[in-house]
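Observations on the model geometry
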Amino acid sequence: MTEPIYNRVALIGLGLIASSMAHAMCANGLAGEIVGHAQSAETRATALEIGICDRVCGTAAEAVMGADLVVLAVPVGVMGDVAAMIGPHLKPGATVTDVGSVKQAVIDAVSPHIPKAVHFIPGHPMAGTEYSGPRSGFATLFQNRWWLLTPLPDTDAEALVKLRSLLEAMGANVDTMDAPHHDLVLAVVSHTPHLIAYTMVGVADDLRRVSNSEVIKYSATGFRDFTRIAASDPTMWRDVFLSNKEATLDILGRFTEELFALQRAIRLGDGAHLHDYFTRTRAIRRGIIEAGQDTAAPDFGRGAPPATKA
Ligand code: NAP
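Every chain is numbered on its own, with residues counted from 1 as its sequence reads. Residues qualify for local features only when their pLDDT is at least 70, as the model is predicted, and side-chain atom pairs are given and counted only at 80 or more; totals for whole chains, interfaces and linings, by contrast, use all residues. Heavy atoms from the whole structure form the basis of all side-chain values; hydrogens and water molecules are not counted.

**Some thoughts on the overall build of the protein**
Each helix corresponds to a stretch of at least 4 residues labelled H or I by DSSP, and each strand to a stretch of at least 2 residues labelled E; elements are numbered beginning at the N terminus. Within the protein, the regular secondary structure consists of 12 helices and nine strands. The C-alpha atoms of the protein give 21 Å as radius of gyration, which agrees with the globular expectation for 310 residues (19 Å, within 12%). C-alpha atoms of the protein, sized along the principal axes, occupy 65 × 40 × 35 Å. When each of the 310 residues of the protein is scored for burial, the buried share is 40%. In this description, contact between two residues means that some pair of their heavy atoms is separated by no more than 4.5 Å. When contacts within the protein are restricted to residue pairs at least 6 apart in sequence, long-range pairs at least 24 apart make up 73% of them. Computed with a 1.4 Å probe, the accessible areas rest on the Shrake-Rupley method; for each residue, only the protein chains presented here act as cover. Of the accessible surface of the protein, which amounts to about 16,200 Å², a share of 58% is contributed by carbon and sulfur atoms. The atom set for the radius of gyration is the C-alpha atoms, and the globule formula is 2.2 Å times the number of residues raised to the power 0.38. Only protein chains enter the accessibility calculation, which uses a 1.4 Å probe. A residue is then buried if its area is under 20% of the maximum for its type, exposed if over 50%, and partly exposed in between.

**Concerning the packing of helix H11 (residues 245-268) against helix H12 (residues 271-290)**
Angles here are taken between N-to-C directions and fall from 0 to 180 degrees, while the axes themselves are lines fitted to C-alpha atoms, restricted in helices to the stretch in contact. Contact pair H11 / H12: the axes reach a minimum separation of 9 Å and the direction vectors enclose 140°. Comparing the axis directions of H11 and H12 gives the class oblique. Touching Glu258, Ala261, Leu262, Ala265 and Ile266 of H11 are His273, Leu274, Tyr277 and Arg280, all from H12. Under the grouping applied here, Gly and all other residues not named as nonpolar or charged are polar, the nonpolar ones being Ala, Val, Leu, Ile, Met, Phe, Trp, Tyr, Cys and Pro and the charged ones Asp, Glu, Lys and Arg. Of the residues that constitute the contact of H11 with H12, the class distribution is six nonpolar, one polar and two charged. Between 65 and 115 degrees an angle is taken as roughly perpendicular, under 35 as roughly parallel, over 145 as roughly antiparallel, and anywhere else as oblique.

**Points about the pattern of salt bridges**
Salt bridge criterion: a side-chain nitrogen from Lys or Arg within 4 Å of a carboxyl oxygen from Asp or Glu. Counting across every chain of the model gives 10 salt bridges. Ionic pairing is found between arginine 8 and glutamate 33, a salt bridge with its closest N-O pair at 2.9 Å. With a gap of 25 residues between them, arginine 8 in strand E1 (residues 6-12) and glutamate 33 in strand E2 (residues 31-37) connect regions that are remote in the sequence. Take arginine 8: its relative accessible area is 23%, and that puts it in the partly exposed class. The salt bridge involving arginine 164 is made with glutamate 168; its shortest N-O contact spans 3.4 Å. Of the two residues, arginine 164 and glutamate 168 both sit in helix H6 (residues 157-169), four residues apart, roughly one turn of that helix. Among the residues examined, arginine 164 registers a relative accessible area of 29% and is labelled partly exposed.

**What to know about the domain arrangement of the protein**
Partitioning the protein into domains gives domain 1 (6-177) and domain 2 (181-268). Taking only C-alpha atoms into account, the centre of domain 1 sits 29 Å from that of domain 2. Taken together, the contact between domain 1 and domain 2 spans 16 residues of the former and 16 residues of the latter. By definition, the buried area sums, over both parts, the 1.4 Å-probe accessible area that each loses when the two are put together. In total, about 1,200 Å² of surface goes out of reach between domain 1 and domain 2, with carbon and sulfur atoms giving 67% of it. Scanning the region where domain 1 abuts domain 2 turns up one salt bridge. For the purposes of this description, domain bounds are those given by an automatic or database domain assignment.

**Things to note about the site of the ligand**
Taken together, 29 residues lie around the ligand, and Leu14, Ser40, Thr43, Val74 and Ser101 are the ones closest in. Each polar contact in these results corresponds to two N or O atoms within 3.5 Å; when the atoms are within protein, one needs to be able to donate a hydrogen and the other to accept it, and residues that are neighboring in sequence are counted only if both atoms are side-chain atoms. In the environment of the ligand, an oxygen atom lies 2.7 Å from a nitrogen or oxygen atom belonging to the backbone of valine 74. Measuring from an oxygen atom of the ligand, one finds a side-chain N or O atom of serine 101 at 2.7 Å. Notes on the ligand: free accessible area 900 Å², of which the protein chains cover 89%. Put simply, the parts of the chain that give the shell around the ligand at least two residues each are helix H1 (16-28), helix H4 (79-86) and strand E7 (123-125). Within the shell around the ligand, the residues separate by chemical class into 15 nonpolar, 13 polar and one charged. Residue proximity to a molecule or strand is established when one non-hydrogen atom of the residue lies within 4 Å of it.

**Quick look at the nonpolar core**
Joining through side-chain atoms within 4.5 Å is the link that ties buried Ala, Val, Leu, Ile, Met, Phe, Trp, Tyr and Cys residues into a set, and such a set is a nonpolar core. One finds Leu11, Met25 and Trp147 to be the most contacted residues of the largest nonpolar core, which totals 36 residues. Listed by contribution, the elements that provide at least two residues to this core are E1, H1, E2, strand E4 (69-72), strand E8 (146-149) and H6. Among the elements that line this core, the one with the most residues is H1, at seven residues. Look past the residues within four positions of methionine 25 in its chain and what remains in contact with it is Val9, Leu11, Leu30, Ala31, Ile34, Leu166 and Met170.

**Concerning the sheet that holds strand E9 (residues 173-176)**
At least two bridges found by DSSP between two strands is the condition for calling them paired. Read across the open sheet, the three strands follow the order E7-E8-E9; overall the sheet is mixed. At either end of the open sheet lies a strand with only one pairing partner, and these are E7 and E9. When strand polarity is set aside, the average angle formed by the axes of neighbouring strands in this sheet is 20°. Sheet analysis places E8 next to E9, joined by four bridges and oriented parallel. Along E9, the bridge assignment pairs leucine 149 with threonine 176.

**Focus on the state of the cysteines**
By definition, disulfides here are pairs of cysteine sulfur atoms that lie within 2.5 Å. Within the structure shown, the criterion is met by zero disulfides. Cysteine cysteine 26 shares no disulfide, and the gap to the nearest cysteine sulfur, in cysteine 53, comes to 8.5 Å. For cysteine 26, a relative accessible area of 42% gives the class partly exposed.

So this is what it looks like as structure tokens:
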């Protein structure tokens, strides 16, 4: 056990990411006290029942009072509303961070509500599952995963070092970049792939010639991995696309061009084009495994899934 890095941490939103942070902080003694708030009484009661918070509060304003670190772990679309509610109650010298999957839209929505004496350091853990809610979190979610921080030009260096040390103590690898770059990178590695998975599962659902039972029965092919991604939280992903519009549309445009090129190669019987393309993409998969961001196991090393939200 180490000394707590922050005396009091307030988690606003108590879903997958916040509960995983709570488990990781508890496991390593990183916070003196964890105070939580979520919008529903049911989630607040669950958080107390499973012990991820020392205290829960009925309002976000109450939860942040006296907190040294405030983590906004709510859907991207409500970050601004939550920031407006907590702004006047933040302790001078405190740090506010968020875990939203999009950065520029969150900065635009949250920054105006953060007092001058409070440090706002936007962030995004690149770790997750298709499960939601307080019961879905686990202490090792961030282990060896990237946690991107997008500091603002006037971010306090000391506050940044302290936040970074918390994230590293939870097992994450921390990197910094500016928000527009973050949003473009994420459009490539996460947002557009999710949209494609949603589309593929939607297409399968629409395909009347194949019965639903056959889609399920023969799913242990590429389709099964699409369905896992397409089972991700609808609120979170609606907000991601609405708030990372330009970068996602840019990458989707490029995707469509490549798809047409592959379609043409299939029509023309251009096997060399297909083989070269698939050789290039296979090398990317190898690179991901070598970088320790996945395993070569056929089940991707995922093992048994955690329990879902009731
Ligand atoms: P989640 O499991 O669905 O949890 C969201 C939490 O936010 C719930 O506790 C919910 O409360 C609460 N909430 C929603 N609106 C609220 C409001 N107005 N005031 C207070 N609490 C509110 O979501 P999550 O997966 O942890 O995602 C949280 C954030 O992390 C999102 O911004 C997402 O973009 C980001 N993120 C997610 C992943 C991922 O894979 N899931 C990965 C990286 C980053 P109730 O339960 O009471 O509704």
